[in-house]
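Notes for the structure review
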Amino acid sequence: MLQNNSELKSLIDKLWNNFWSGGISNPLTAIEQITYLIFMKRLDELESKRERDAEFTGEKYSSRFKGKFTIPGSEQTIDKNELRWSVFKHMPADEMLFHVQSKVFPFLKELNGETSPFTKHMANAVFIMPKASLLVEAINIIEQIFTEIERDATEGGHAFQDIQGDVYEMLLSEIATAGKNGQFRTPRHIIKLMAELVAPQLGQRIADPACGTGGFLLGAYQYILTDLVRKKDPTKLQKDEDGFERAAISAVLTQKVKTILDQSFVGYDIDTTMVRLGFMNMMMHGIDEPKIDYKDTLSKTYNEDSQFDIIMANPPFTGNIDKGDINEGLKLPTTKTELLFVERIFNMLKMGGTAAVIVPSGVIQNSGKAFEGVRKLIIDKAELKAVIAVPSGTFKPYAGVSTAILIFTKGGETNNVWFYDMQADGYTLDDKRNKIAESDLPDIVQRYKSRDAKKDNDRKQKYFMVPKKELVENNYDLNLSTYKEEVYEEVVHEKPEVIFGKLESMEAEIQKGLAELKELM
């Protein structure tokens, strides 16, 4: 986590404060504008790398910055090379602001062609920069941020560091700590854990019904590329800061692999800003035409059931939707979104498809027809493979809710469910979330992959199996504490006569002190 980099944190704070004092006080507007600038920089860098790679290999490559761009609303054209970040960042302030507003940003909005989904979702996007000095300051700080991230990655040995994701994570944390918006991301190490448990493969279709900035989709993307390296040359793998194997991806990202990956990831969200951020986040990681759409997957407009092999998600925990808007395919008698999303995910899976989903503790233990109904769904009509209790501090400083990770495969048969009591995730469970040595994450992956109903039967351990029959007898309760055997340490108390002796000694000391005080008076 780069949150532990104080220099980077300082730069993010500086960037944020500059936007605030520069007149952009709405946090989502600020992050949207910052993201556009970061996107311009990363687009230039990625295109430059692809041009160099093509020149080195002799392969043909048509750069996005090759040719002429017609400025909207006029017949004037401009060499696309002049729209690069590396070119316009050297312009005088006022000229640069006009150039970016009237030429670079319109070029960005039409990047994938007039009919592309990206262009559709960018149609109403606006580049708001009230003054040239703010743009100059923002560009300088972004340059410093990327220099610092690259230094951190190099010196820290984080070869697979997701630079763009880290920037987003820190920017979004600024939004949350500012207390102006409830937007926050699932911690990346939890996403990596879930990707390890469901193990997405190249060629599978992967979705997130409430994708936000695309964190789970990118987690699956990075797992697939790392897995390709593992199969090709495992000596190139190394452990990252959270104990997961990672590798540089360039060696396996061939055009054939890239073509498959471009069609693999699908995300939906009901926040237009999140859709745009998700689009740009995916594109900056090398997925040129992401399948991210503005859509309410709980509503009647959604009809893509039985389409996906893997679903990873952390859908909205709280809230209700209008009964009249609920999709006809959702049968649970409830308007609670946390329950409806589990049913939605079940419906989205193909037969044999697997989901990893974070749910609040109420979903696994509350009584009530709808709560019990959703648990019956994933136990009786799927193979519920695992319930991992997550410590309540995992989502701090944004929220202190108690949650669990459910892993289930549609169409399978539940015989035994594997429970794990996660007690440490590698970070302190307070608001600071500092890195610590204790972490159950590698153990969870190893124990899950080798789980055995005959061996994992000691309920005094962190992990154990529970047969379906027992779950049914407990009204499908999935609360780990219902089945875990607590170990109590015997406390040895002193004998009563010893305790009375100590009390008498204390009383004598008190009386002695009072007598001495009386003599002084």
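Everything below is about the structure shown above.
Notes on the structure follow. Given the structure is predicted, the values throughout are model-derived calculations rather than measurements.

1. Re the overall build of the chain
Per the secondary structure count, the chain includes 18 helices and 15 strands. The C-alpha extent of the chain, read off along each of the three principal axes, is 100 × 75 × 55 Å. Expressed as a percentage of the 521 residues in the chain, the buried residues total 52%. Partitioning the contacts of the chain with sequence separation of at least 6, the portion at a separation of at least 24 is 70%. Positive and negative side-chain charges of the chain, numbering 66 and 78 respectively, have mean locations separated by a distance of 5 Å.

2. Focus: unusual backbone geometry
Residue Ser-306 is not a glycine yet carries a positive backbone phi of 55°. Positive phi outside glycine occurs at Tyr-476, with the angle close to 65°. Secondary-structure assignment places Tyr-476 in the loop between α16 (468-473) and α17 (480-483).

3. With respect to the sheet that holds strand β11 (residues 403-410)
Strand order in the open sheet formed by nine strands is β7-β6-β3-β8-β9-β11-β10-β12-β15, and the pairing between neighbours is mixed. The open sheet terminates on both sides in strands that have one partner only, identified here as β7 (291-294) and β15 (463-467). Here the average twist between neighbouring strands, direction ignored, is 15°. Sheet topology places strand β10 (residues 382-390) next to strand β12 (residues 416-421); four bridges connect them, and they run parallel.

4. Quick notes on the packing of helix α8 (residues 188-198) against helix α15 (residues 441-449)
With their axes 10 Å apart at the nearest point, α8 and α15 run at an angle of 15° to one another. Classified by the interaxial angle, the pair formed by α8 and α15 is roughly parallel. In the packing of α8 onto α15, the handedness of the crossing is right-handed. Facing His-189, Leu-193, Glu-196 and Leu-197 of α8, the residues of α15 in contact are Leu-441, Ile-444, Val-445, Tyr-448 and Lys-449.

5. Things to note about the pairing of β10
Consecutive residues of a regular strand have side chains that alternate between opposite faces of the sheet. The buried count for β10 comes to seven of nine residues, which makes it a mostly enclosed element. One ladder, built from eight bridges, connects β10 with β11; its direction is antiparallel. Each bridged residue has a counterpart across the sheet, and for Val-390 the counterpart in β11 is Thr-403.

6. Focus on the environment of Val-104
Within the secondary structure, Val-104 is located in helix α4 (residues 93-109). For Val-104, a relative accessible area of 2% gives the class buried. In this structure the C-alpha to C-alpha distance between Val-104 and Met-280, which are 176 residues apart in sequence, comes to 15 Å. Leaving out residues up to four positions away in the same chain, Val-104 has contacts with Met-40, Leu-83, Phe-88 and His-99.

7. Comments concerning the pattern of salt bridges
On inspection of all chains with the given rule, the structure shows 31 salt bridges. Residues Glu-143 and Lys-41 are paired through a salt bridge, measuring 3.5 Å at the closest nitrogen-oxygen approach. With a gap of 102 residues between them, Glu-143 in helix α6 (residues 132-156) and Lys-41 in helix α2 (residues 27-57) connect regions that are remote in the sequence. In this pair, the class of Glu-143 matches that of Lys-41, namely buried. In this structure, the salt-bridge partner of Glu-485 is Lys-460, at a minimum N-O distance of 3.3 Å. You can see Glu-485 sitting in the loop between α17 and α18 (496-520) and its partner Lys-460 sitting in the loop between α15 and β15, a full 25 residues away along the chain. Residue classification places Glu-485 among the partly exposed residues on the basis of a relative accessible area of 41%. Among the charged side chains, a network of salt bridges with common partners joins Lys-41, Arg-42, Glu-45, Lys-89 and Glu-143.

8. Some remarks on the packing of aromatic side chains
If you walk through the whole model with that rule in mind, you get 14 aromatic pairs. Residues Phe-118 and Phe-279 carry aromatic rings whose centres are separated by 5.7 Å and whose planes lie at 65° to one another, so their mutual orientation is edge-to-face. Linking Phe-118 in helix α5 (residues 117-122) with Phe-279 in helix α11 (residues 272-284), this pair joins segments that are 161 residues apart in sequence. As far as the burial class goes, Phe-118 and Phe-279 line up, both buried. Ring geometry for Phe-419 against Tyr-483: centres 5.6 Å apart, planes inclined by 45°, an arrangement best described as tilted. Of this pair, Phe-419 sits in strand β12 while Tyr-483 sits in helix α17, and the two are 64 residues apart along the sequence. The class of Tyr-483 is buried, set by a relative accessible area of 3%.

9. What to know about the environment of Asn-347
For Asn-347, the location among the structural elements is in helix α12 (residues 337-348). Relative accessible area serves as the criterion here: at 13%, Asn-347 is assigned to the buried category. Once the C-alpha coordinates of Asn-347 and Asn-303 are considered, the two residues, 44 residues apart in sequence, prove to be 9.8 Å apart. The residues touching Asn-347, leaving out its near neighbours within four places in the chain, are Asp-305, Ser-306, Gly-329, Leu-330 and Lys-410.

10. Notes on the packing of α2 against α4
Running from N to C, α2 and α4 point in directions that differ by 70°, and their axes come no closer than 11 Å. As far as their axial angle goes, α4 and α2 are roughly perpendicular. Residues Tyr-36, Phe-39, Met-40 and Leu-43 of α2 lie in contact with α4, whose contacting residues are Val-100, Val-104, Phe-105, Phe-107 and Leu-108.

11. Considerations on the side chain of Asp-456
With respect to the helices and strands, Asp-456 occurs in the loop between α15 and β15. Of the side chains bearing the opposite charge, Arg-447 lies closest to the buried Asp-456, which forms no salt bridge; the N-O distance is 6.4 Å.

12. Here we look at the nonpolar core
Of all hydrophobic cores here, the largest spans 106 residues; its most connected members are Leu-37, Met-40 and Phe-265. In this view, Leu-37 contacts Phe-19, Trp-85, Phe-127, Met-129, Leu-135, Ala-138 and Ile-142; residues no more than four positions away in its chain are not counted. Counting residues in each nonpolar core, the second largest holds 47 residues, with Val-387, Ala-404, Leu-406 and Phe-408 among its members.

13. Brief notes about helix α1 (residues 6-21)
Helix length check: α1 (16 residues) gives 22 Å between terminal C-alpha atoms against 22 Å at 1.5 Å per residue, within 8%. Restricting attention to buried positions, one finds in α1 the residues Leu-8, Leu-11, Ile-12, Leu-15, Trp-16, Asn-18 and Phe-19. End-on view of α1: buried residues confined to an arc of 160°, all on one side of the axis. Among the exposed residues of α1, those pointing more than 90 degrees away from its buried face are Ser-6 and Ser-21. Gly-23 lies just past α1 and shows a positive phi near 110°.

Cut-offs applied
Residues numbered from 1 in each chain as written. Predicted model: local features only at pLDDT ≥ 70, side-chain atom pairs only at ≥ 80, totals over all residues. Heavy atoms only, no water. Helix = DSSP H or I, 4+ residues; strand = E, 2+ residues; numbered from the N terminus. Buried < 20%, exposed > 50% of the residue type's maximum accessible area, 1.4 Å probe, protein only. Contact = heavy atoms within 4.5 Å. Lys, Arg positive; Asp, Glu negative; His and termini not counted. Charge placed at Lys NZ, Arg CZ, Asp CG, Glu CD. Pairing = 2+ DSSP bridges. Axes fitted to C-alpha atoms, helices over the stretch in contact; angles between N-to-C directions. Parallel < 35°, antiparallel > 145°, perpendicular 65-115°, else oblique. Left-handed = near helix turned anticlockwise from the far one by under 90°. Salt bridge = Lys/Arg side-chain N within 4 Å of Asp/Glu carboxyl O. Phe/Tyr/Trp six-rings, centres within 6.5 Å; stacked < 30°, edge-to-face > 60°. Core = buried A, V, L, I, M, F, W, Y, C linked by side-chain atoms within 4.5 Å. Expected span 1.5 Å × (residues − 1). Arc of directions from axis to C-beta.

Interpretation note: all reported values are geometric properties and have no functional meaning in isolation.
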